[in-house]
Amino acid sequence: MHLYNLTLQPPTAIIQAIVGNFSGIRQQEIIVSHGTRLELLRPDPQTGKIATIIATDAFGSIRSLAAFRLTGGTKDYAIVGSDSGRIVILDYDPKTSSFVKLHQETFGKSGARRIVPGQFLATDPKGRSVMIAAAEKAKLVYILNRDAAANLTISSPLEAHKNSAIIHHIIGVDVGFENPMYAALEVDYSEADQDPTGEVFNKTEKMLTYYELDLGLNHVVRKWSEPTDPRANMLVQVPGGQLASSERYDGPSGVLVCCEDHIIYRHIDVPQHRIPIPRRQNALEDPNRGVIITAAVMHKMKGAFFFLLQSEDGDLFKVTIEHEEEEVKSVKIKYFDTVPVASSLCILKSGFLFVASEFGNHYLYQFQKLGDDDNEPEFSSTSYPSFGMADPSSPLPRAYFKPRPLENLAIADEIESLDPIIDSKVLNILPNSDTPQIFTACGRGSRSTFRTLRHGLEVEESVSSELPGIPNAVWTIKTSEDEAHDSYIILSFVNGTLVLSIGETIEEVQDTGFLSSSPTIAVQQIGADALLQVHPHGIRHVSADKRVNEWRVPQGKTIVTATTNKRQVVVALSSAELVYFELDLDGQLNEYQERKAMGSTVLALSIGAVPEGRQRTPYLAVGCEDQTVRIISLDPDTTLETLSLQALTAPPSSICIADMLDASINKSQPTMFVNIGLQTGVLLRTVLDPINGQLTDTRTRFLGTRPIKLIRVTVHGNPAILALSSRSWINYTHQNLMHFTPLIYDNLDYAWSFSAELNPEGLIGIAGNVLRIFTIPKIGTKLKQDSIPLDYTPRKMITHPENHYFYMVEGDHRVYSEEAINKKLKELKSQGKKIDQEILDLPPTEFGRPKAPAGTWASNIRIIDPIEGKTVGVFPLDNNEAAFSIAVVPFSARGSELHLVVGTSQDTTVSPRTCTTGFLRTYKFLNDGAGLELMHKTETDDVPMALLAFQGKLLAGVGKSLRIYDIGKKKLLRKVENKMFTTGIITLATQGSRIIVGDMQESVQYVVYKSPENRLLTFADDAQPRWVTALTMVDYNTVIAGDRFGNVFVNRLDSKVSDQVDDDPTGAGILHEKSILMGAPHKTKMLAHFHVGDIITSFHKASLVAGGKEVIVYTGLHGTIGILLPFVSKEDVDFISTLEQHMRTEQPSVVGRDQLAWRGYYVPVKSVVDGDLCETYAQLPAAKQSAIANELDRTVGEVLKKLEQMRVTASGF
Amino acid sequence: MSSELRYTANTQLEHLHARYTGTGHADLSKYEWITHQHRDTLASILGHPTLASYLAIADGEAIGRVRFEMTERMLQPCGPPPRKEDD
């Protein structure tokens, strides 16, 4: 077995974001790390929308990012710390639109290790050096400079190691142009490790240490080290240094040490200032719990600076420092606003705040004000004795604030993110869809969602109006070539033509010179300011002064089809003749003296647009009824000569020549594509050689069941092609590569581009008798998401065999349930405490829920209707119960009546995983599945983490035991049990009497149920320990599973063993077989192994295209959706794996990780080809492309075609 | 054993141990071994963003909090060392 791994949706979680002028222009950009992918985002300061410029797979894990700029420079570089054991400096090159690796310095082993740097990065604010640190001990400093040719240089590393020191955080201290300084928050464990009494451990101090890079001596020295708060977790840089011109200090320099519950300002030999982190005035707050800062950003403006610090609840605090020269007078903190908890915050100079959420969608906010003059209470270090440091070991009096909706910020844009995907299903439920949808349970806590993902581009409709009849075509047209927007809409009906003018309103006009008594075949704004209408009996050329020149078709003939551009007109007559017209310099339309007889009825014609600065386009494509397409020359020397011919499988219905950029074919210039739509719904795309008019590199694609119509339009400023069949598709260029994506919209009968003042880049279409004007807002995302909000983190969801509802269990740790809240509030009220209801009523989607002590749970069972997109019912659990598993079981003892069984547990603790009691709740379905009625609860001794219907009974993984339950009157009845599992059963699958058990740590085990003897017997397992997260059966003997470290593996049982086990009627044979390696008597064989880089949360065997073959679809925690498709032939395997080998050498990772080592992170990669790497072939320079293609004995086109075919036939993406 | 170690085993060993924290040796006690294991694991969780997210979701805490508590735990992940027998 060989598999091809392809990512359909790369991870959307943002691990870190940095801001800078990476293009070197004035506009600021954001580089985000998605863990395994780098993406450059450009927020538009005018519209406040974020656009993706490029995204690159790193084939490595990006652990830290930092932006830096050389002194006096105007361009920022990105430094990347990864698991490659290397430091990499990246430069964004706007010309090629790619990240260029400027430097790559190796310092250690690969892998995210304890003492190999890469975890933290800190840069000198003046861009002179960078420090890269590990989680323990190792810190390296590199000096950055420029050489004579102004190129960036990097020195050899200087060590600033400290043995047995755990590093919490490092930061560059702003010291102006003095020697670069770094601050580190460290704890030394060497003494605590030697002391059996534990006293030293309690006394171990957390040290704030300054490391100075002496540029003169080329050496790093420990400049200063002082103990600080033992619960400090983060450092924030405070501006400092003098301006050379004014001698004024930018700031006092030093650091803010963020600790639990307070923030301390520190610098060498100056008084400390301590301020509390304000807490929410919530009656439900846990007074024993501290608050820490998890994200921070400092912003410098002209002559001032401030900090925004975010607490773990999402509250932003504005911190300001009042200083005179270098002396700090006071440090102040006040509540600013509440936004989602961020992994990174970025402030842009144009007045935006980018919040990269740790889970869920990311946001761009616009600053409305800076919270300067409002009534928020401000807490200053001066209001406490000795600036809050009178007794550093005891906490400051608690400060409180009242959270409120956004006041200083306003949402400007939102980036959808699936992160985290906890569970998913692949099904085709929605009506009018021939491809399945992916339903995902996403998000964490109160921001969780249930999302329906459909492959296709989202369409935003702005106008939808009914017409008197059913038109068969629509066009828009300008009145002269220098107008910015369209003036008329022309609708062609069976017996006439309607012209509408576009203005304040859209209304019918009569005086355009167009013939209204006849249908229209084509319209065109021709020459400088003339209009052209082609109708079945002639061509009307309407000049600006409304004079009409009409060319009439000879008697007995009609025009069947036509194609036009600014200077050329070609019509095909019913007599299978082509008539060619060209505009002369006087603006007169002249017929070419000869007519070309085609010999077969012409069905479709197309010419491209006139190239810039030329008189004409030299090629005409003619599609004839005899199933051919001919390319005919329009060149003056060879006018109407046939140049090439392509045979088709069916008569063409539409042809469209378009010049579009596709970097895989030509990096610098648009390629001329001839798109041929057939009556069978198949689209052929061929490349037209601009020199000799030959057609090469044909690619085919099935679009739908109706004959295809092709229309050239403009989308986001670039030429694109709309292809209309039983679905509407669009072919467009995005990030220099060609894409072909369906539109999620009603079927259109015809469409055209539409441009008006309010809607400069729209499209107009007709669907039946409805005229629609719409736009395509985003072309980057190929999955349209529709979401339903959830209350708590989803845990599992299932479908029902008879209805289309989803049943989901959701639950959150450290959250009070509604029941617990009411009880607690009653208690507080009885104690006479005042309760601010306003704070309790704040929407949890924005503010989260108050944190409860560990062991507190809130949980729901939810019924979702995916078609209507709404929640049908919610059933909260009481008594601190939390649900972890769910199954629909047809109990045969009840005549196969379906029951819902939910596995819950009471007072669950996460680590170690225990509970007071587990329960199996059995529900009856009411109202066709829209309601539930609790029948009974069955107690269990551990948490039931996995449930499954099995032969008319319930199969349950309860802690370490696997059990089969049957239904009883008052309880479920335990029928059989196997307690031989090591850690905990977390997932189950079954076929026949075979059960596949996924253990939390001990991989996949094969169990058989022998009903005559009522035995559950483990007969095969894996030789390797695996921390399984998800699995599915590929066939009866084969299972695919994912583990917690981001691996995917396929295990197969020998078919002989399988038969032997199945033939054994009682299982006595298995029972008495000798165990191997202290496990089951048989071992499975690993067939394939691959490191995806994201924790797999679900697998599905599904076919993603109508009539396509089945593939494995997987989802990853960070929002990855990918597929694994089996190779069909040995030749394909050889071809693609040889290509992969070449790609490994030609396309080194941007973070310096070896791709082969990355894909074989824990176990060497086996029988899986990395499709993501192979697809970067399209981005290679042409010379490298052809070199690789030569090695493979193929042409570049063939390689690209093969890669596209792999993707399209498997996923349709 | 690398060639570096083979010829200069004793003289270099101590130096190498100091250089590569977490490397085991013949006289390693159970406590030292398990402490190294835990520290390595904690560092690995910090270093792999997906693992940190995974734990944060399970525990209902912010990723920042999970990272902080993990780093704190690196100080003494397995409690104080056992008393030496000759004490």
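Just so we're clear, the structure is a prediction, and the values are computed from it rather than from any experiment.

What counts, and where the lines are drawn
- Residues numbered from 1 in each chain as written.
- Chains lettered and ligands numbered in written order.
- Predicted model: local features only at pLDDT ≥ 70, side-chain atom pairs only at ≥ 80, totals over all residues.
- Heavy atoms only, no water.
- Pairing = 2+ DSSP bridges.
- Helix = DSSP H or I, 4+ residues; strand = E, 2+ residues; numbered from the N terminus.
- Axes fitted to C-alpha atoms, helices over the stretch in contact; angles between N-to-C directions.
- Domains from an automatic or database assignment.
- Buried area = accessible area lost by both parts, 1.4 Å probe.
- Salt bridge = Lys/Arg side-chain N within 4 Å of Asp/Glu carboxyl O.
- Polar contact = N/O pair within 3.5 Å; in protein donor to acceptor, adjacent residues only side chain to side chain.
- Phe/Tyr/Trp six-rings, centres within 6.5 Å; stacked < 30°, edge-to-face > 60°.
- Buried < 20%, exposed > 50% of the residue type's maximum accessible area, 1.4 Å probe, protein only.
- Lys NZ or Arg CZ within 6 Å of the ring centre and 35° of its normal.

Peer 1: Tell me about the sheet that holds strand β42 (residues 522–526) of chain A, residues and numbers included.
Peer 2: All names here are of chain A. Strands sit in the order β42-β43-β44-β45 across an open sheet of four strands; the sheet is antiparallel. What marks the edges here is a single partner per strand, and that holds for β42 and β45 (548–552). Within the sheet, the average angular offset between the axes of one strand and its neighbour, ignoring direction, is 15°.

Peer 1: Before we move on, could you go through the domain arrangement of chain A and cite the residues and values that matter?
Peer 2: Residue and element names in this part refer to chain A. With domains assigned, chain A is organised as domain 1 (460–781), domain 2 (980–1117) and domain 3 (1128–1211). Here the C-alpha centre of domain 3 lies 37 Å away from the C-alpha centre of domain 1. Summed over both partners, the interface of domain 1 with domain 3 buries about 800 Å², with 52% contributed by carbon and sulfur atoms. Sorting the residues of domain 1 by area buried against domain 3 places S664, K667 and R699 first, and these three jointly supply 56% of that buried surface. For the pair domain 1 and domain 3, the interface holds one salt bridge. One salt bridge connects R699 with E1204, and the closest N-O pair in it is separated by 2.8 Å. Linking domain 1 with domain 3 are four residue pairs in polar contact (both at pLDDT 80 or more), by the criterion used here. The leading source of residues in the side of domain 1 that touches domain 3 is strand β58 (residues 695–702), at four residues.

Peer 1: Got a sec to walk through the packing of aromatic side chains? Specific residues and values, please.
Peer 2: Residue and element names in this part refer to chain A. Following the criterion strictly, the structure yields 26 aromatic pairs over all chains and no others. Judged by centre distance (5.7 Å) and plane angle (70°), the ring pair of Y4 and F1127 falls under edge-to-face. One end of the pair, Y4, is in strand β1 (residues 3–9); the other, F1127, is in the loop between β90 (1121–1126) and α7 (1130–1146), with 1123 residues separating them in the sequence. This pair shows no difference in class: Y4 is buried, exactly as F1127 is. On the numbers, 4.8 Å between centres and 50° between planes, the contact of Y745 with F774 is tilted. Placement of Y745 in the loop between β62 (737–742) and β63 (750–754) and of F774 in strand β65 (residues 770–775) is noted, with a sequence separation of 29 residues between them. The two residues Y745 and F774 agree in class, both being buried. Each residue in the set W1027, F1045, W1158, Y1161 and Y1162 is aromatic and connected to the rest through ring pairs, giving one cluster. Just above the ring of F177 sits the side chain of K126; from NZ or CZ to the centre is 5.3 Å. Here R1194 stacks its cationic end above the ring of F1135, 4.1 Å away from the centre of that ring.

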